[in-house]
Amino acid sequence: MKIATFNVNSIRRRVGALCQWLDDAAPDVVLLQELKAQAEQVPILEIEAKGYRVELVGQKAYNGVAIVSRHPITVIHRALPGDTADEHARYIEADIAMPGGPVRVASIYLPNGNPAPGDKYDYKLRFLNRLYAHARELLELEIPVVLGGDYNVVPADIDVHDPVGTADDALCRPETRQAYRRIVNLGYTEAYRTLHPNRIEYSFWDYQAGAWQKNDGWRIDHLLLSPQAADRLLACEIDRDPRGRPEASDHTPVWCQLR
DNA sequence: ATGGTGGCGGTGCCA
């Protein structure tokens, strides 16, 4: 069972790249972020033609998240609990009917939070606190849970090309890392770093200033696994190939394989 | 030091 996260930076621009990656990688589930489209604008038929179902929360121009799955999807939440006034399309959670039993997944698009400090950074920290509270409740299910997405969090200095120059960035600041660690410390396993403790790889490269060519990247797309999922973890990789193709997203897919 | 790119929507905002 293969579960991936992929920030597509516009599903309309990237549906071709997504479908190619579905062919190449054959994931069971892909958690998408930054659809940048309303629900009716999402090219669902193209994705369904590849043998996948789609559930999504859309929004005009910004945000937008989806769950793409070969297996039946039962949506549980269309927003992150904890603030009904938050109208950003940044969270969708569902049960996936896997042959071996249900797996709970969420596609998360955390706020970027720049500039920091500021209102946007405060919103990011509030969002992280809401995610902490909800992630804690999910552990009570005692089933495999995969919380995947664009966390907009650089967990440690090893996860960014220039830790000194970016130290004050909203993705790197100590409060950000602390709020993220607090979630992990509830009992979640970050799949990539757990399997590759010292490997330097990134999941995002800015479009500007030749960041991709210089490998000036950031590792900000993560898969957090509940104990029941972590016990089944076999592999986790960052697939750089889509980022290197023409008209690529600025992010590339991260996937994990569970027994 | 600055500006560098891309997406949306039709102007600046967001990343």
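This text goes with the structure placed above it.
Below you will find a few notes about this structure. (Residues numbered from 1 in each chain as written. Chains lettered and ligands numbered in written order. Predicted model: local features only at pLDDT ≥ 70, side-chain atom pairs only at ≥ 80, totals over all residues. Heavy atoms only, no water.)

What follows concerns the overall build of chain A. Of the regular secondary structure elements, chain A holds eight helices and 14 strands. In terms of overall dimensions, chain A has C-alpha extents of about 45 × 45 × 40 Å along its principal axes. Considering chain A as a whole, with its 259 residues, one finds that 56% of them fall into the buried category. For chain A, the proportion of contacts with a sequence separation of at least 24, taken over those separated by at least 6, is 70%. (Helix = DSSP H or I, 4+ residues; strand = E, 2+ residues; numbered from the N terminus. Buried < 20%, exposed > 50% of the residue type's maximum accessible area, 1.4 Å probe, protein only. Contact = heavy atoms within 4.5 Å.)

Our focus in this paragraph is the side chain of N152. When you line up the elements, N152 lands in the loop between β8 (145-150) and α4 (174-184). Accessibility expressed as a relative area gives 4% for N152, which makes it buried. A distance of 2.9 Å separates a polar side-chain atom of N152 from the backbone oxygen of L110. Apart from residues no more than four positions distant in its own chain, N152 is found in contact with Y109, L110, P111, N112, K124, L171, T176 and I220. (Polar contact = N/O pair within 3.5 Å; in protein donor to acceptor, adjacent residues only side chain to side chain.)

A separate point is the protein's contact with DNA strand B. Not every one of the 15 residues close to DNA strand B is listed here, only the nearest: S10, R13, K60, K120 and Q208. A distance of 3.1 Å separates a phosphate oxygen of DNA strand B from a polar side-chain atom of K120. One of the side-chain N or O atoms of Q208 is found 3.4 Å from a base nitrogen in DNA strand B. The greatest single-element share of the surface near DNA strand B, amounting to three residues, is contributed by helix α1 (residues 11-25). Residues of the surface near DNA strand B, tallied by class, amount to four nonpolar, four polar and seven charged. (Near = heavy atom within 4 Å. Nonpolar A, V, L, I, M, F, W, Y, C, P; charged D, E, K, R; others polar.)

Taken in spatial order, the six strands make up an open sheet running β3-β4-β2-β1-β14-β13, and their pairing is mixed. Since the sheet does not close on itself, it has two edges, and those belong to β3 (53-57) and β13 (233-238), each with one partner. When the angles between neighbouring strand axes are averaged without regard to direction, this sheet yields 15 degrees. Taken together, the five bridges between β3 and strand β4 (residues 65-69) define a ladder with antiparallel strand orientation. Each residue of the ladder has a partner; that of R53, found in β4, is S69. The strands touched by α1 are β1 (2-7), β2 (29-33) and β14 (254-258); relative to β2, the strand with the most contacts, the crossing angle is about 160 degrees. (Pairing = 2+ DSSP bridges. Axes fitted to C-alpha atoms, helices over the stretch in contact; angles between N-to-C directions.)

This next bit is on unusual backbone geometry. A cis amide bond, omega 0 degrees, links N114 with the succeeding residue P115. Residue placement: P115 occurs in the loop between β7 (101-109) and α3 (119-139). Residue A116 is joined to P117 through a cis peptide bond whose omega torsion reads 0 degrees. Examined against the element boundaries, P117 turns out to sit in the loop between β7 and α3. With a phi close to 60 degrees, N63 is a non-glycine residue in the positive phi region. You will see that E247, though not glycine, has its phi angle at about 55 degrees, which is positive. Inspection of the secondary structure assignment puts E247 in the loop between α8 (241-244) and β14. On the basis of relative accessibility, which here comes to 69%, the residue E247 falls in the exposed class.

Counting residues in each nonpolar core, the largest one holds 27 residues, and the members touching the most others are I3, I67, V105, V146, L225, C256 and L258. Secondary-structure elements contributing two or more residues to this core are β2, β4, β6 (91-98), β7, α5 (191-195), β12 (221-225), β13 and β14. Looking at which element gives the most residues to this core, the answer is β6, with four residues. Non-local contacts of I3, meaning those with residues more than four positions away in its chain, are made with V29, L31, M98, V103, V105, V146, L223, V254, W255, C256 and L258. Core analysis: the next-biggest nonpolar cluster, separate from the first, contains 23 residues, W21, L22, L35 and A37 among them. (Core = buried A, V, L, I, M, F, W, Y, C linked by side-chain atoms within 4.5 Å.)

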